[in-house]
Amino acid sequence: MSYLTKRLSDKRQWNKLFKQRLSEPLHLNLIALFVFLFGSFRKKVAYDLVIRPQYAYGILEAAISAKKLGFTTISVIEFGVANGGGLMNMIEIAKKVTKSTGINVDIYGFDTGTGMPDPIDFRDHPEYYNTGDFPMNKAALEEKITGKAKLIYGPIKDTLETFKKSLSEDCPIGFISVDVDYYSSTKEVLELFTAEAHSFLPLTHVYFDDIFMPHHNDKCGELLAIKEFNDNNPYRNISYHRFFENQRLFKNANWVKQMYYFHVLDHDYRSNLKRNRKAYVLDNPYLKFEGNKKQFD
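For clarity, every value in this text was computed on a predicted model and none was experimentally measured. (Residues numbered from 1 in each chain as written. Predicted model: local features only at pLDDT ≥ 70, side-chain atom pairs only at ≥ 80, totals over all residues. Heavy atoms only, no water.)

J.: Could you give an account of the overall build of the protein, with specific residues and numbers?
T.: Summing up its helical and strand segments, the protein has 12 helices and 7 strands in all. Its C-alpha atoms put the protein at 80 × 45 × 40 Å along the principal axes. For the protein, with 297 residues in total, the buried portion stands at 44%. Contacts in the protein between residues at least 24 apart in sequence constitute 73% of all its contacts with a sequence separation of at least 6. Put simply, the protein shows about 17100 Å² of open surface, and 55% of that area lies on carbon and sulfur atoms. Seen as two clouds, the 40 positive and the 36 negative side-chain charges of the protein have centres 9 Å apart. (Helix = DSSP H or I, 4+ residues; strand = E, 2+ residues; numbered from the N terminus. Buried < 20%, exposed > 50% of the residue type's maximum accessible area, 1.4 Å probe, protein only. Contact = heavy atoms within 4.5 Å. Areas by Shrake-Rupley, 256 points an atom, 1.4 Å probe, with all protein chains shown as cover. Lys, Arg positive; Asp, Glu negative; His and termini not counted. Charge placed at Lys NZ, Arg CZ, Asp CG, Glu CD.)

Okay, structure coming up:
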């Protein structure tokens, strides 16, 4: 049974389909059917026709931005690999992104390899997540991803510092998925965001998985970790793009509200006050009618 078939046999996927997809305008869904059959990879991303559209959008946009800035390779990271479905999906998306843009994609996954650690207190949402949740079949997953992605095992606080030192300005981070559930784990993940500015694209796409359920709030979980990070880092900011939803054809999917931008305010790109380009000039159609007052009577 294919991965797609397995997903479609899951009642939760059908519930999501009815609530998020079929509630969209009929004409868009009809066009999407045509795009599904005949469209390019970029078109399929635009119409949310790729499994894990948040990964497809984030990686593709990062590659497009990197190409404009003169890079040939980007890094993408998944924090919270669990049994590897997301990481393997990321590998498949990266292949298509490289084919579409010419940008190579280095893929990293972080996980304990043994399931979730103990929650620290209410901030970790123990009503949703707890010790040992989401274990990994290491042997089976390693066999599938060898040579395609690198898995980094262990507590994030023990592995992240070495990873930060290995980052290269020639292969900036362009997309990050944060799916570690806990506040405490997310706080550790966000230490990555304090790495040298050149380790990232100046605008990096970040997907936060665990912010959409009723008990999630900005005094617990990932939302609290984001707030604390922003408060403590004046030159780095993780923010929700308020107009992103308006830019998407399909607006009802949860992931659209879970995409954030990481602004690297101390990046050289943002400090270049004199750019080598022509000045912007705005048109004024009214000037064309100067002296012909009848046009305004």
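The rest of the description comes next.
J.: So, the packing of aromatic side chains: which residues are in play, and what are the values?
T.: Using the criterion set out here, one finds 17 aromatic pairs in the structure. A ring pair is formed by Tyr57 and Phe244, whose centres lie 5.0 Å apart and whose planes are at 50°; its orientation type is tilted. Of this pair, Tyr57 sits in helix α5 (residues 53–68) while Phe244 sits in helix α11 (residues 244–247), placing them 187 residues apart in sequence. Take Phe244: its relative accessible area is 2%, and that puts it in the buried class. Centre to centre, the rings of Phe79 and Phe110 are 4.6 Å apart; their planes meet at 25°, and the pair counts as stacked. Of the two residues, Phe79 is situated in strand β1 (residues 73–79) and Phe110 in strand β2 (residues 104–111); the sequence distance between them amounts to 31 residues. The class of Phe79 is buried, set by a relative accessible area of 0%. The rings of Phe79, Tyr108, Phe110 and Phe163 are connected pair by pair, giving a single aromatic cluster. (Phe/Tyr/Trp six-rings, centres within 6.5 Å; stacked < 30°, edge-to-face > 60°.)

J.: Can you tell me about a nonpolar patch on the surface, naming the residues and giving the values?
T.: On the surface, a nonpolar cluster with roughly 590 Å² of combined accessible area is contributed by Leu33, Phe34, Phe36, Leu37 and Phe38. Relative to the helices and strands, Phe34 resides in helix α3 (residues 26–38). (Patch = residues over 30% accessible without salt bridge, like charges linked within 9 Å, V, L, I, M, F, W, Y side chains within 5 Å. Salt bridge = Lys/Arg side-chain N within 4 Å of Asp/Glu carboxyl O.)

J.: Please give an account of the environment of Phe175 that cites residues and values.
T.: Considering the arrangement of structural elements, one finds Phe175 in strand β4 (residues 173–178). A relative accessible area of 0% means that Phe175 is categorised as buried. With 11 residues separating them along the chain, Phe175 and Thr186 place their C-alpha atoms 16 Å apart.

J.: Explain unusual backbone geometry residue by residue, including any values.
T.: Most peptide bonds take the trans configuration, and most residues that are not glycine carry a negative phi. Of note, the phi angle at Arg52 is positive, near 60°, even though the residue is not glycine. As for its position among the elements, Arg52 is in the loop between α4 (41–46) and α5. The residue Asp181 is not glycine, and still its phi comes out positive at about 70°. Considering the arrangement of structural elements, one finds Asp181 in the loop between β4 and α9 (183–189).

J.: Pulling in residues and values, what's your account of the sheet that holds β1?
T.: Hydrogen bonds along the backbone pair up the strands of a sheet, which may run parallel or antiparallel. Read from one edge to the other, the open sheet built from 7 strands follows the order β3-β2-β1-β4-β5-β7-β6, with strand pairing classed as mixed. The open sheet has two edge strands, β3 (150–153) and β6 (236–240), and neither has a second partner. If you compare each strand with its neighbour and ignore which way they point, the axes differ by 20° on average. Looking at chain direction, β1 and β2 are connected through 7 bridges and run parallel. From the neighbouring strand, Thr73 faces β2, where its bridge partner is Asn104. Relative to the sheet, helix α6 (residues 85–101) contacts β1, β2, β3 and β4, its axis offset from that of β2 by approximately 170°. (Pairing = 2+ DSSP bridges. Axes fitted to C-alpha atoms, helices over the stretch in contact; angles between N-to-C directions.)

J.: Hey, could you go over the pairing of β2 for me, with residue numbers and the actual values?
T.: The element β2 is largely enclosed, with a buried count of 6 among its 8 residues. You can see the chain leave β1, run along α6 and come back into β2, and the turn it takes is right-handed. Note: β2 against β3, 4 bridges, orientation parallel. Its bridge partner being in β3, Asp111 is matched across the sheet by Tyr153. For the crossover that starts at β2, traverses helix α7 (residues 138–145) and ends in the parallel β3, the hand is right-handed. (Right-handed = clockwise from strand over helix to strand, strands pointing away.)

J.: Talk me through the side chain of Ser239; I want residue IDs and the actual numbers.
T.: Within the secondary structure layout, Ser239 lies in strand β6. For Ser239, the side chain forms a polar contact with the side chain of His263, separated by 3.2 Å. Other than its neighbours up to four places away in sequence, Ser239 contacts Tyr260, Tyr261 and His263. (Polar contact = N/O pair within 3.5 Å; in protein donor to acceptor, adjacent residues only side chain to side chain.)

J.: I'd like a rundown of α5, residues and numbers included.
T.: Along its 16 residues, α5 runs 23 Å from first to last C-alpha, staying within 8% of the 22 Å computed at 1.5 Å per residue. Those residues of α5 that fall on the buried side of the exposure criterion are Pro53, Gln54, Tyr55, Ala56, Tyr57, Gly58, Ile59, Leu60, Ala62, Ala63 and Ala66. Gly70 lies just past α5 and shows a positive phi near 90°. (Expected span 1.5 Å × (residues − 1).)

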